[in-house]
Amino acid sequence: MSGGSAVLQPPADAVKPVRHPEAPAPGELLGAHYGQCFGCGGEQPHGLRLAARAGEGVSLTAEFTVQPAHQGAPGLAHGGVLATALDETLGSLNWLLRTIAVTGRLETDFVRPVPVGTTLHLEAEVTAVAGRKIYSTATGRIDGPDGPVAVRADALFIEVEVQHFVDNGRPEEIRAAMDDPDRIRRARAFEVNP
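Visitor: Please explain the packing of aromatic side chains as it appears in this structure.
Guide: In this description, a pair of aromatic rings is defined by centroid distance and the angle of the planes. This model, assessed by the stated rule, comprises 0 aromatic pairs. One Lys or Arg, Arg98, reaches over the ring of Trp95 and ends 4.1 Å from the middle of that ring.

Right under this line is the structure:
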């Protein structure tokens, strides 16, 4: 993105991101981090059901198809839904770092309309890490991974502890997620929600 705010520019002491050794292999489907997540969960009837795949390094690809429930103007995706898709994609990068992080800032450029029925193809990567701050960028294209750019975003995620969710989430959902016997699902539930 051009002209992004200063807060999205990594400081001089930022380091190159390092993929966690236990991160999913390139090409592997990441799956939903939480069933009730509007962005990637399968338990939301009008959710995006965004599907992300690990890429090389600290990158991934994702896609979702714009449904009638996602429209703003007649026949076009709502800008907030597109921003959600970008946020979900960027947040999924944290699983490759095996870091629990929340969105601190998201700046989005809407380049062209995205019609209902279109599959949005997203690419994202972590560009730098500075202490608890994770800098990342994403691009969404229509008509295929090499199609015209429709949306772009830069983001800043902040690393947090699980206690952030315990202190701020609804107790019944927190308990259910923490009691999940599947260790991976339990860890992923707290990976990207603000």
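Next comes the rest of the write-up.
Visitor: Would you mind going over the environment of Val58 with me for this structure?
Guide: Of note, Val58 is situated in the loop between β1 (51-54) and β2 (59-65). Residues Val58 and Glu125, spaced 67 residues apart in sequence, show a C-alpha to C-alpha distance of 5.7 Å. With residues up to four places along the chain from it excluded, the contact list for Val58 reads Pro17, Val18, Arg19, Leu93, Leu96, Leu97, Ala124, Glu125 and Val126.

Visitor: Honestly, the pattern of salt bridges in this entry has me stumped. Any pointers?
Guide: Opposite charge on two side chains makes pairing possible when the charged atoms of those side chains draw close. The final tally for this structure, using the stated rule, is 3 salt bridges. Residue Arg105 is joined to Glu107 by a salt bridge in which the shortest nitrogen-to-oxygen separation is 3.0 Å. What makes Glu107 buried here is its relative accessible area of 15%.

Visitor: Hey, could you run me through the sheet that holds strand β4 (residues 119-130) in this one?
Guide: Spatially, 6 strands are ordered β1-β2-β4-β5-β6-β3 in an open sheet, and the strand pairing comes out antiparallel. One side of each edge strand has no neighbouring strand; the edge strands of this open sheet are β1 and β3 (101-110). The average undirected angle you get between the axes of adjacent strands in this sheet is 20°. Direction of pairing for β4 relative to strand β5 (residues 133-141): antiparallel, over a ladder of 9 bridges. Looking at β5, one finds that Glu125 is bridged to Thr137.

Visitor: Please clarify how the nonpolar core should be interpreted in this entry.
Guide: The tendency in soluble globular proteins is for nonpolar side chains to be buried as a group. One finds Phe64, Leu90, Val114 and Leu120 to be the most contacted residues of the largest nonpolar core, which totals 36 residues. For this core, the elements supplying multiple residues, two or more each, are β1, β2, α1 (79-97), β4, β5 and β6 (149-159). For this core, the element with the highest residue contribution is α1, accounting for 9 residues. In contact with Leu90, not counting residues within four places along its chain, are Leu106, Ala124, Ser136, Thr137, Ala138, Ala153, Ala155 and Phe157.

Visitor: Before we go on, may I ask you to explain the side chain of Ser136 in this structure?
Guide: Mapping Ser136 onto the fold places it in strand β5. Overall, the relative accessible area of 5% leaves Ser136 in the buried class. In contact with Ser136, not counting residues within four places along its chain, are Leu90, Leu93, Glu125, Val126, Thr127, Ala153, Asp154, Ala155 and Phe157.

Visitor: How should unusual backbone geometry be read in this particular structure?
Guide: Glycine aside, negative phi is the norm for most residues, and most peptide bonds take the trans geometry. The phi angle at Arg49 is positive, at roughly 55°, despite the residue not being glycine. The topology assignment puts Arg49 in the segment before β1. Phi is positive for Arg98, which is not a glycine, with a value near 55°. Within the fold, Arg98 resides in the loop between α1 and β3. Taking the relative accessible area as the measure of exposure, Arg98 reaches 27% and is therefore partly exposed.

Visitor: Would you mind going over α1 with me for this structure?
Guide: Think of an α-helix as turning once every 3.6 residues; residues three or four places apart then point the same way. Its 19 residues place the ends of α1 28 Å apart at the C-alpha level, agreeing with the 27 Å of an ideal helix rising 1.5 Å per residue. Most of α1 is tucked away, with 15 of its 19 residues classed as buried. Positive phi shows up at Arg98, right after α1, with a value of about 55°.

Parameters and conventions
- Residues numbered from 1 in each chain as written.
- Predicted model: local features only at pLDDT ≥ 70, side-chain atom pairs only at ≥ 80, totals over all residues.
- Heavy atoms only, no water.
- Phe/Tyr/Trp six-rings, centres within 6.5 Å; stacked < 30°, edge-to-face > 60°.
- Lys NZ or Arg CZ within 6 Å of the ring centre and 35° of its normal.
- Helix = DSSP H or I, 4+ residues; strand = E, 2+ residues; numbered from the N terminus.
- Contact = heavy atoms within 4.5 Å.
- Salt bridge = Lys/Arg side-chain N within 4 Å of Asp/Glu carboxyl O.
- Buried < 20%, exposed > 50% of the residue type's maximum accessible area, 1.4 Å probe, protein only.
- Pairing = 2+ DSSP bridges.
- Axes fitted to C-alpha atoms, helices over the stretch in contact; angles between N-to-C directions.
- Core = buried A, V, L, I, M, F, W, Y, C linked by side-chain atoms within 4.5 Å.
- Expected span 1.5 Å × (residues − 1).

None of this, on its own, says anything about what the molecule does.
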